[in-house]
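Given next are the chains, with one letter for each unit.
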Amino acid sequence: MNQDVEKLWELQTVLTALGEREKQLNSKPESFAAVDREWQAVNTEIEKLQQQIEVLGKERRRVDGELSDEQELLKKYQGQLMQVKNQQQYAAAWKEIDATRKHVKELEDSELKTMTEIEALQKQLDDRGNGSASLKEKWDIEHDKWQSSLGSLRSEVEKLKKRAATLEEGLPERVGREFQRILKQRQAVAVVKVTNDSCSACRTRVRPALYQQLKRGELVYCEGCHRILYLESPQS
Ligand SMILES: [Zn+2]
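Per chain, residues are indexed from 1 in the order of the written sequence. The predicted origin of the model limits local features to residues at a pLDDT of at least 70 and limits the giving and counting of side-chain atom pairs to 80 or more, whereas totals for whole chains, interfaces and linings rest on all residues. Each side-chain value is worked out from all heavy atoms of the structure, with water and hydrogens disregarded.

1. As for the overall build of the chain
- Helix and strand counts for the chain come out as five helices and three strands.
- Strands are runs of DSSP state E lasting at least two residues, helices are runs of H or I lasting at least four, and both sets are numbered from the N terminus onward. Walking the chain from its N terminus toward its C terminus, one meets helices and strands in the order α-α-α-α-β-β-α-β.
- Values of the radius of gyration come from C-alpha atoms, whereas the globule rule sets the reference at 2.2 Å times the count of residues to the power 0.38. For the chain, the C-alpha radius of gyration of 39 Å lies well beyond 18 Å, the compact-globule estimate for 236 residues.
- Its C-alpha atoms put the chain at 125 × 35 × 30 Å along the principal axes.

2. Quick notes on the coordination of the zinc ion
- Metal donors: N, O and S atoms at distances within 2.8 Å, or within 3.2 Å for Na, K and Ca, with water omitted from the atom set so that some sites may seem incomplete. Here the zinc ion is held by the protein donor atoms Cys199 (SG), Cys202 (SG), Cys222 (SG) and Cys225 (SG), which lie 2.3 Å from it.
- Geometry at the zinc ion is tetrahedral, judged from its four donor atoms and the angles of 99 to 115° they form at the metal.
- Residue classification places Cys202 among the partly exposed positions, given a relative accessible area of 29%.
- Cys225 sits in the buried class, given a relative accessible area of 6%. The rule is simple: four donors are tetrahedral if all their angles sit between 85 and 135 degrees, four are square planar and six octahedral if opposite donors span more than 155 degrees and the others lie between 65 and 115, and anything that fits none of that is irregular. Type-normalised accessible area, obtained with a 1.4 Å probe on protein chains alone, sets the label of each residue: buried when under 20%, exposed when over 50%, and partly exposed for intermediate values.

3. Digging into the pairing of strand β1 (residues 191-195)
- Pairing between strands is defined by DSSP: at least two bridges between the two strands are required. Relative to strand β3 (residues 228-230), β1 runs parallel, the two being bridged by three bridges. Counterpart to Val192 in the pairing with β3 is Leu229.
- Direction of pairing for β1 relative to strand β2 (residues 198-199): antiparallel, over a ladder of two bridges. Within β2, the residue paired with Val194 across the bridge is Cys199.

4. What about the environment of Val220?
- Positionally, Val220 belongs in the loop between α5 (208-215) and β3.
- Classification of Val220 by relative accessible area gives buried; the value is 2%.
- Distance in space between the C-alpha atoms of Val220 and Glu158 is 31 Å, their sequence separation being 62 residues.
- What makes two residues a contact is simply this: any of their non-hydrogen atoms within 4.5 Å. When sequence neighbours within four positions are dropped, the list of residues in contact with Val220 reads Leu210, Gln213, Leu214, Arg227, Ile228 and Leu229.

5. Considering the sheet that holds β2
- Ordered in space as β2-β1-β3, the three strands form an open sheet in which the pairing is mixed. What marks the edges here is a single partner per strand, and that holds for β2 and β3.

Without other data, these values stay purely geometric and don't point to any function.
Structure (structure tokens):
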């Protein structure tokens, strides 16, 4: 029985280490995360500028279409002006021409304004693009550093997984199942050390009777958190 508790304790230690390594594998180191944040921010800004340019480009094309329609109309009215037969028709044609000219002018102004806006945004976009080249270089370097550091972490994870599997195989089936059940229910900690006669997880005091059982190497559960208790042998 004593052997089981020792194995359970080692299994717990291995699983705790495994959990930490896996967490490390899934989290970006701060050196990379800082560059990454900067890089994402620049990309978001570039995307935003591209979208604005696209919207303005559409608007420009729409105004341009309307402008050529109006210019056609103006030509038509000017042609009509040549064929008027009296003063009244003449005045009416002039009125149309005048209104259309005004409209053409408005559209031209609007198109010019849109083009100026697009130009300014395009300049911002070019500046951003040029400025981001060195940032991308920094990003690549930090990303490579991070990825290569993961290699040793991954092999450690593999080793720990193998060790955990070996330990689990060495346990009686019932004890293994019990361990897994507590592990699931208690935040991945099924076995806890006894320190100062108390459970190191929940601080519940171990009663003398249970303490004697522990000393004999029996499987003892904490009366507070129901985890398996582990008493370090005095020589170790
Ligand atoms: Zn406890």
